[in-house]
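The residues making up each chain are set out below.
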There are 2 protein chains.
Amino acid sequence: MMRNIFFRVLVILGFFIAVVQIACAQNDPLPSWNSGPAKQSIIAFVQRVTSEGSPDFVPAEQRIAVFDNDGTLWAEQPAPFQGLFAFDRVRAMASQHPEWKNAQPFKAVLENDMQTFAGTGLQGVMDLMLATHSGMTTEEFESIVKNWLITARHPKFNKPYTELVYQPMLELLTYLRANGFKTFIVSGGGIEFVRTFSEKSYGIPPEQVIGSSIKTQYELRDGKPVLVRKPEVIFIDDSAEKPVGINLFIGHRPIAAFGNSDGDFEMLEWVTTGAGPRFGLLIHHDDAVREFAYDRSSMGKPDRGFDEALKRGWTVVSMKNDWKTIFP
Amino acid sequence: MMRNIFFRVLVILGFFIAVVQIACAQNDPLPSWNSGPAKQSIIAFVQRVTSEGSPDFVPAEQRIAVFDNDGTLWAEQPAPFQGLFAFDRVRAMASQHPEWKNAQPFKAVLENDMQTFAGTGLQGVMDLMLATHSGMTTEEFESIVKNWLITARHPKFNKPYTELVYQPMLELLTYLRANGFKTFIVSGGGIEFVRTFSEKSYGIPPEQVIGSSIKTQYELRDGKPVLVRKPEVIFIDDSAEKPVGINLFIGHRPIAAFGNSDGDFEMLEWVTTGAGPRFGLLIHHDDAVREFAYDRSSMGKPDRGFDEALKRGWTVVSMKNDWKTIFP
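Let me sum up the structure you'll find in this document. Owing to the predicted nature of the structure, the values given are computational and were not obtained by experimental measurement. (Residues numbered from 1 in each chain as written. Chains lettered and ligands numbered in written order. Predicted model: local features only at pLDDT ≥ 70, side-chain atom pairs only at ≥ 80, totals over all residues. Heavy atoms only, no water.)

Turning to the side chain of D287 of chain A, a few remarks are in order. Looking at the secondary structure, you find D287 of chain A in the loop between β6 (279-284) and β7 (297-298). The contacts of D287 of chain A, once residues within four sequence positions are left out, are F292, A293, M319, K320 and I326 of chain A. (Helix = DSSP H or I, 4+ residues; strand = E, 2+ residues; numbered from the N terminus. Contact = heavy atoms within 4.5 Å.)

Superposing chain A onto chain B takes a rotation of 180° combined with a translation of 0.0 Å along the rotation axis, leaving an RMSD of 0.0 Å. Such values leave the two copies arranged in the relation of a two-fold axis. Using C-alpha coordinates, one finds that chain A approaches the rotation axis most closely at F249 of chain A, a distance of 3.3 Å. Here 100% of the interface residues in chain A have copies in chain B that are interface residues too; the copies meet face to matching face. (Least-squares fit on C-alpha atoms with pLDDT ≥ 70 in both.)

Next up on the list: the interface of chain A and chain B. By a widely used convention, the size of an interface equals the accessible area lost when the partners come together. Listed as interface residues are 36 residues of chain A and, on the opposing side, 36 residues of chain B. For the pair chain A and chain B, the summed buried area comes to about 3,000 Å², and 54% of that belongs to carbon and sulfur atoms. Considering only the surface of chain A that becomes buried against chain B, E207, Y218 and L248 of chain A emerge as the three largest contributors, covering 22% of it. Remark: the boundary between chain A and chain B carries 4 salt bridges. The salt bridge involving E207 of chain B is made with K182 of chain A; its shortest N-O contact spans 2.8 Å. Here chain A and chain B share 21 residue pairs in polar contact (both at pLDDT 80 or more) between them. Going through the elements one at a time, α7 (138-151), β2 (182-190), α9 (191-202), β3 (209-221), β4 (224-235), α10 (241-249) and α11 (265-272) of chain A are the ones with two or more residues in the side of chain A that touches chain B. Grouping the constituent residues of the side of chain A that touches chain B by class yields 17 nonpolar, 8 polar and 11 charged. (Buried area = accessible area lost by both parts, 1.4 Å probe. Salt bridge = Lys/Arg side-chain N within 4 Å of Asp/Glu carboxyl O. Polar contact = N/O pair within 3.5 Å; in protein donor to acceptor, adjacent residues only side chain to side chain. Nonpolar A, V, L, I, M, F, W, Y, C, P; charged D, E, K, R; others polar.)

The next point concerns the environment of N247 of chain A. Positionally, N247 of chain A belongs in helix α10. If sequence neighbours within four positions are ignored, N247 of chain A has contacts with T138, E192, R195, T216 and L227 of chain B.

Let us now look at the sheet that holds strand β1 (residues 64-67) of chain B. Residue and element names in this part refer to chain B. Read across the sheet, 7 strands follow the order β4-β3-β2-β1-β5-β6-β9 without closing on themselves; strand pairing throughout is mixed. The open sheet has two edge strands, β4 (224-235) and β9 (315-318), and neither has a second partner. For this sheet the average axis-to-axis angle between neighbouring strands, irrespective of direction, equals 30°. As paired strands, β1 and strand β5 (residues 256-259) are joined by 3 bridges and run parallel to one another. Across the sheet, V66 pairs through a bridge with A257, a residue of β5. Where helix α6 (residues 121-133) meets the sheet, it contacts β3 (209-221) and β4, and its direction lies at approximately 180° from that of β4. Sheet strands touched by helix α10 (residues 241-249): β1, β2 (182-190), β3 and β4. Its angle to β2, the strand with the most contacts, is close to 130°. (Pairing = 2+ DSSP bridges. Axes fitted to C-alpha atoms, helices over the stretch in contact; angles between N-to-C directions.)

This part takes up the packing of aromatic side chains. The full count for this structure, using the stated rule, is 47 aromatic pairs over all chains. On the numbers, 6.2 Å between centres and 85° between planes, the contact of F85 of chain A with F141 of chain A is edge-to-face. With F85 of chain A in helix α3 (residues 81-93) and F141 of chain A in helix α7, this residue pair connects regions lying 56 residues apart in the sequence. The two residues F85 of chain A and F141 of chain A agree in class, both being buried. Within the aromatic cluster, the residues linked to one another by ring pairs are W74, F81, F85, F141, W148, Y161, F193, F197 and Y202 of chain A. The ring of F292 of chain A is capped by K156 of chain A, whose NZ or CZ atom sits 4.5 Å from the centre of that ring. R253 of chain B extends its terminal NZ or CZ atom over the ring of W270 of chain B, reaching a point 3.9 Å from the ring centre. (Phe/Tyr/Trp six-rings, centres within 6.5 Å; stacked < 30°, edge-to-face > 60°. Buried < 20%, exposed > 50% of the residue type's maximum accessible area, 1.4 Å probe, protein only. Lys NZ or Arg CZ within 6 Å of the ring centre and 35° of its normal.)

Attention now moves to the pattern of salt bridges. Under the counting rule described, the total for this entry stands at 32 salt bridges over all chains. A salt bridge links R290 of chain A to D287 of chain A, with the shortest nitrogen-to-oxygen separation between them at 2.7 Å. R290 of chain A gets classed as partly exposed once you look at its relative accessible area, which sits at 27%. Put simply, D56 of chain B and R48 of chain B hold a salt bridge, and the shortest N to O gap is 2.7 Å. Residue D56 of chain B is classed as partly exposed on the basis of its relative accessible area of 24%. Within the structure, one salt-bridge network assembled from shared partners comprises E269, R304, E308, K311 and R312 of chain A.

Before going further, it helps to examine unusual backbone geometry. Cis peptide bonds are those with omega within 30 degrees of zero, and the linkage from Q104 of chain A to P105 of chain A qualifies with 5°. With respect to the helices, strands and loops of the structure, P105 of chain A is situated in the loop between α3 and α4 (106-110). If you check the backbone angles, D222 of chain B has positive phi at about 50° while not being a glycine. Looking at the secondary structure, you find D222 of chain B in the loop between β3 and β4. A positive phi angle is found at S239 of chain B, which is not glycine, with a value near 50°. By the secondary structure assignment, S239 of chain B is in the loop between β4 and α10.

What follows is about the pairing of β6 of chain A. Side-chain direction in a regular strand flips from residue to residue, so the side chains alternate between the two faces of the sheet. Residue and element names in this part refer to chain A. The buried fraction of β6 amounts to 6 of the 6 residues, a majority that puts the element mostly inside the structure. Where burial is concerned, the two faces of β6 agree: the one with F279, L281 and I283 and the one with G280, L282 and H284 are both buried. Judged from the 4 bridges that link them, strand β5 (residues 256-259) and β6 form a sheet pairing that is parallel. Note that in β6 the partner of F258 across the bridge is L281. Following the chain from β5 across α11 to the adjacent parallel β6, one finds a crossover that is right-handed. Summarising the sheet, β6 and strand β9 (residues 315-318) pair through 4 bridges and their orientation is parallel. Paired with I283 across the strands is V317, a residue of β9. (Right-handed = clockwise from strand over helix to strand, strands pointing away.)

Moving on, we come to helix α7 (residues 138-151) of chain B. With 14 residues, α7 of chain B extends 20 Å from end C-alpha to end C-alpha; this agrees with the ideal 20 Å at 1.5 Å per step. Buried within α7 of chain B are the following residues: T138, F141, V145, W148 and L149 of chain B. Projected onto a plane normal to the axis of α7 of chain B, the buried residues spread over an arc of 100° and lie on a single side. Buried positions along α7 of chain B lie against α10 of chain A together with α3 (81-93), α6, α9 (191-202), β3 and β4 of chain B. (Expected span 1.5 Å × (residues − 1). Arc of directions from axis to C-beta.)

Below, the structure is given as structure tokens:
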């Protein structure tokens, strides 16, 4: 009898625990985030700006949130994925460019000599990007990128690059939008590159993507208008140019910004120094096992953002400790 | 008895006529548009692309409509209103610029000598615009424009410029949005000028305004970040640059375009030559009594768009015949 009661209590208890777990999972908008200060700070901010009647309430049309892409919404190692795309393009286009066998940075790429490539510096990167990203119509470029995203595989994870988006960030995007936020990408990457997958991967439509851009030219070909991509940079959407791009494309000062490196510093500074409630967040890549650890540095120098985060009230996310899962 | 029945029939008839009129007004999404081919073509297009299951159905995220501003959403005579703003700024700033008394185009503006001003040509216009639109932060510029829009009056109508928006076009914007369209402004005017009133006047938020733009620079002033407007043009959003701007800012090819002059020609061409159902519309300013008649010409030459409208399937709106009211 005693054992029977004990057993029944256990079953009932188990049932209640299961119900509570399911209820909690359903109520948790960020299930891939571990409990802790980072998750708390996000939820507290969203509750603050969406509580009608509160002095910190922000009307929906001003709930603009901006996200860096590389290293913030998807991975960026061993190199930003658009760079890996450019390498693949050089290989694919090499037969039409015999001169590349003897011209840097193409020679280094074709010989897979990354040290020599790195030595070509910023000019090498620009030459690589312009040669592989121009000379076709916008529609042709879109289909080249989409095809690459389907066929290319990441060297470490052996998965399509679009599977290397961060699950906790996908949940965060959904959570913000469910609370009336309009989510934008503000990427140092190419605007038309990111737009090929932003809607499918992040639920962010092309008109909410800002990025680096090259000139396009309106032309008639066989009487049909096309936009032709020209080898001329018009805007590098990085560092102090991120607030410039935000102002040009969005025309509001956002109230929340999410980044991971000093390329995002001014964006976070611009966003978090405005009047009213503001939110800034930096992702720290400290998980060498599940992703990569690149220890608070980009471009070889320590990231200022992490040093100043406490003083500036920015939330720092440890991928290792704050994220239950990294990829979907 | 007979009179009594006659009277009762009249009352009942009158009642039914009133009911039908109210029902029609409620069902008419464009009450300021007279019945005719222009109004019919708009409604037919919207019904076509929103009928689920029809081969011409367009999913909501692709229902992008682009509108020129000057002469399409609000008046543009005797000169584009932003030009009149620049003239007023020259007068307001003259005491800080004694050199303007002897330098064109400022001298002509200060002496109200429009013939001499016109003689300074495109360079004169550029010098005028840059001198009056740069040298302040983006926030300062916004408040200067907003103040001008409240205080300035149109020379012919003696009304604030924001009251010279076109009532039929406001109804059209509302009608399109009610049918899942996202409405954008693509203006040759300044992007930050138009954004100061686009949301209030047209229900179009800043992030859905594209326009000509000058460089801004991120700076810290007393430790606070600002964006400073510099006297350097980065983009003139007119003619063949309108499709370029649409591609850069929106990243979709819209399915409907609305304009009034050859500055909108390539935008209409780009939009209406895409695959699937497309809509192009040009407004003809032919109403000298209620607005202005400038007889199919801008910049002195005949507008090609009106000559080719029939061939290209574009709708031409006669303000005189198609619009019941011009202003709200």
